[in-house]
Amino acid sequence: MKKNRIFNAVVILGASVVVFVILAALQYIGVIDEYNGQLLTLSGIYIVVALSLNLITGFTGQLALGQAGFMSVGAYTTAIAIMKFHVPMLLAILIGGLVAAVFGIIIGFPTLRLRGDYLAIATLGFGEIIRVLMINLGSLTGGAAGLKGIPAFSETENFVLDAVIKFSWVYVFAVITIVIISNLINSSPGRAIISIREDEIAANSMGINIAYYKIFSFTLSAFLAGVGGGLYGIYMGYLNPTMFGFMPSMNIVVIVVLGGLGSITGTVVASVAFTYIQEWLRVFKDLRLVIFGLALILVMIFWPKGLLGNKELSISGFLRKLFKRENNPERTVSQQNGSREGK
Amino acid sequence: MAVLEAQNISIVFGGLKAVTNFDLKLEKGELVGLIGPNGAGKTTVFNMLTGVYNPTSGDILFNYSSDDNASKSIVGLKPYQITQLGIARTFQNIRLFKDLTVLDNVRIALHFNVKYNALQAVFRTSAFYREEGRVAGKAKELLEIFHIGEKQNELAKNLPYGEQRKLEIVRALATNPKLLLLDEPAAGMNPQETQDLMKLIKFIKDQFNLTILLIEHDMSLVMGICERIVVLDYGQTIAAGTPAEIRKDPKVIKAYLGEGGEFDA
Ligand SMILES: Nc1ncnc2c1ncn2[C@@H]1O[C@H](COP(=O)(O)OP(=O)(O)O)[C@@H](O)[C@H]1O
Ligand SMILES: [Mg+2]
């Protein structure tokens, strides 16, 4: 038992470090060029935000379409904290997450009674309200023009090093987000959250406080989206309200649906894939949106569970199989938490 | 002191009087049958007792603690609060978490007694591991009683029908109830399976010190194990008594078989 725990922790930490070292080194020596390095970093931000949406939509079963709104709150808060109040970057990002979380609570309560389409519309409206708010809070947010000159993560003389440091920040946040969501979902509170998705009435009858866990989920989701937003603002170096409109919210939904509602691995893979495909399709200009729309429809029809359904890749599970160690009884939910068919 | 006392509860759905002036007193350790033809209002009674519906009038008192005199009204509480106080139920139309494993179904029902929070889960503290071990052990123990322990990693929807019904009972038991409400637990089972299940129900009643209220529309099934039977028809109690009394009651015979009928059971 104890050996298993340490094994898991070591494997996860080890794998994260190995992947990090490889990616960072390849960028530093130029095998991954600046352009691709930027895309990798952007993928990491998408991982954070898409996982935050998967928590609320994939695991809690609440269709939310305003995730860019939370991102926006986090992004502006972080940027303002850094630029106007000279708050250290890490703290500023966390404050961005916290303020977004407050918004999560604020919109969580009134939407408790809403389900399905109605919730989707309400959260969509929330995203728009935030956008309009950002335009009209001119003195703080710079209005429609936005904020320019957000300081970068680092300003060494070395351009390549700066890019690698930028990547490192995002990478660490992405890994932490993956660990948070995965550890939460594979636990008793996580099972309570999933039971809401599966059958609210049954969950209620099994002693699960539905309202509490919905709000919890909304709040944590908003927090993570806010953190993702904070990273995004610093990554871009500028902010304006159009960056967080309806389309960005939909992009996040596309990632989560493509990857699989309720699959952490799927979200990670889809985040990276989406970032690259979005770039490749840039030549098609606005037609890009049509292509994404079509892709989404096709996936829904032929692959309703997304790329990975609800399956998870487990490195420690894989290694254990390789070395024929006994099965770890703790990891069952994420590997087997059910499909979303027939809803 | 009664474990549960429903006092004159009624509920109206848009003009339809689904249950009218229903009284019920369950003493500790009793196994009582609630029977009646389809549409009589049996499930609606369960829904009122478990907070799914609020009665239009009347009161429900539940003796929630180990102190025999500590009863309180549970009208207006949410289903999860009532479950946490000690009333568990199964559903007539099976409501398992069908896309989750058998084990997870039971672990979800154990959740509100788990002693670690989300933060401890994220940091994988020792409380997490200790409680997860305890919860998995407890779940397996309950599954074994119903002989479905070896299926713990199967998805609930892949269990045969009879085992799904059993899993519903296990899940209800996992909430550690004082009072267990079973809504047609034998529906869809063959006579042999039904007999086995009824024995099992009696066994868990003694094993876990339960009081049980059991709905069945086929009254011959409950005659054998229930000490007392309440008969509903059109939302009203038309008879209450021992199985022998119920069997001979002309109103019951009429409700079930029409005028001039007779039970062969
Ligand atoms: N939510 C509801 N809304 C309207 N009518 C209902 C509702 N629930 C039950 N009923 C009606 O109440 C009556 C009793 O139903 P029910 O309690 O399910 O009967 P039983 O379980 O005895 O077969 C039926 O006529 C049913 O249609
Ligand atoms: Mg019924």
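Rules behind the numbers
- Residues numbered from 1 in each chain as written.
- Chains lettered and ligands numbered in written order.
- Predicted model: local features only at pLDDT ≥ 70, side-chain atom pairs only at ≥ 80, totals over all residues.
- Heavy atoms only, no water.
- Near = heavy atom within 4 Å.
- Polar contact = N/O pair within 3.5 Å; in protein donor to acceptor, adjacent residues only side chain to side chain.
- Areas by Shrake-Rupley, 256 points an atom, 1.4 Å probe, with all protein chains shown as cover.
- Helix = DSSP H or I, 4+ residues; strand = E, 2+ residues; numbered from the N terminus.
- Salt bridge = Lys/Arg side-chain N within 4 Å of Asp/Glu carboxyl O.
- Buried < 20%, exposed > 50% of the residue type's maximum accessible area, 1.4 Å probe, protein only.
- Pairing = 2+ DSSP bridges.
- Axes fitted to C-alpha atoms, helices over the stretch in contact; angles between N-to-C directions.
- Contact = heavy atoms within 4.5 Å.

Moving on to the site of ligand 1. Residues and elements named next belong to chain B. All residues adjacent to ligand 1 are Phe13, Leu16, Ala18, Pro37, Asn38, Gly39, Ala40, Gly41, Lys42, Thr43, Thr44 and Tyr53. Contacts to ligand 1 include glycine 39, whose backbone N or O atom sits 2.7 Å from an oxygen atom. Contact distances for ligand 1 include 2.7 Å between an oxygen atom and a side-chain N or O atom of threonine 43. Protein burial of ligand 1: of its 570 Å² of free accessible surface, 64% is covered by the chains. Elements supplying a minimum of two residues to the shell around ligand 1: β2 (16–26) and α1 (42–49). Top contributing element to the shell around ligand 1 by residue count: α1, with three residues.

Throughout the structure, instances matching the rule amount to 15 salt bridges over all chains. With its nearest N and O atoms 2.9 Å apart, the salt bridge here joins A:Arg282 to A:Glu279. Judged by relative accessible area, which is 43%, A:Arg282 ranks as partly exposed. The salt bridge involving B:Glu131 is made with B:Arg134; its shortest N-O contact spans 2.9 Å. Residue B:Glu131 and its partner B:Arg134 are both found in helix α5 (residues 126–145); the two are separated by three residues, about one turn of the helix. Overlapping salt bridges, with partners in common, bring together A:Arg191, B:Asp104, B:Arg107 and B:Glu132 in one network.

What follows is about the sheet that holds strand β1 (residues 4–13) of chain B. Residues and elements named next belong to chain B. Taken in spatial order, the four strands of this open sheet run β2-β1-β4-β5, and their pairing is antiparallel. Here the strands that pair on one side only, and so sit at the sheet edges, are β2 and β5 (71–73). Direction aside, the axes of adjacent strands within the sheet are offset by 25 degrees on average. With three bridges joining them, strand β4 (residues 57–63) and β5 adopt antiparallel strand pairing. Counterpart to leucine 61 in the pairing with β5 is serine 73. This element, α1, spans β1, β2 and β4 of the sheet and lies at about 115 degrees to β1.

Keep in mind these numbers describe shape, not what the thing actually does.
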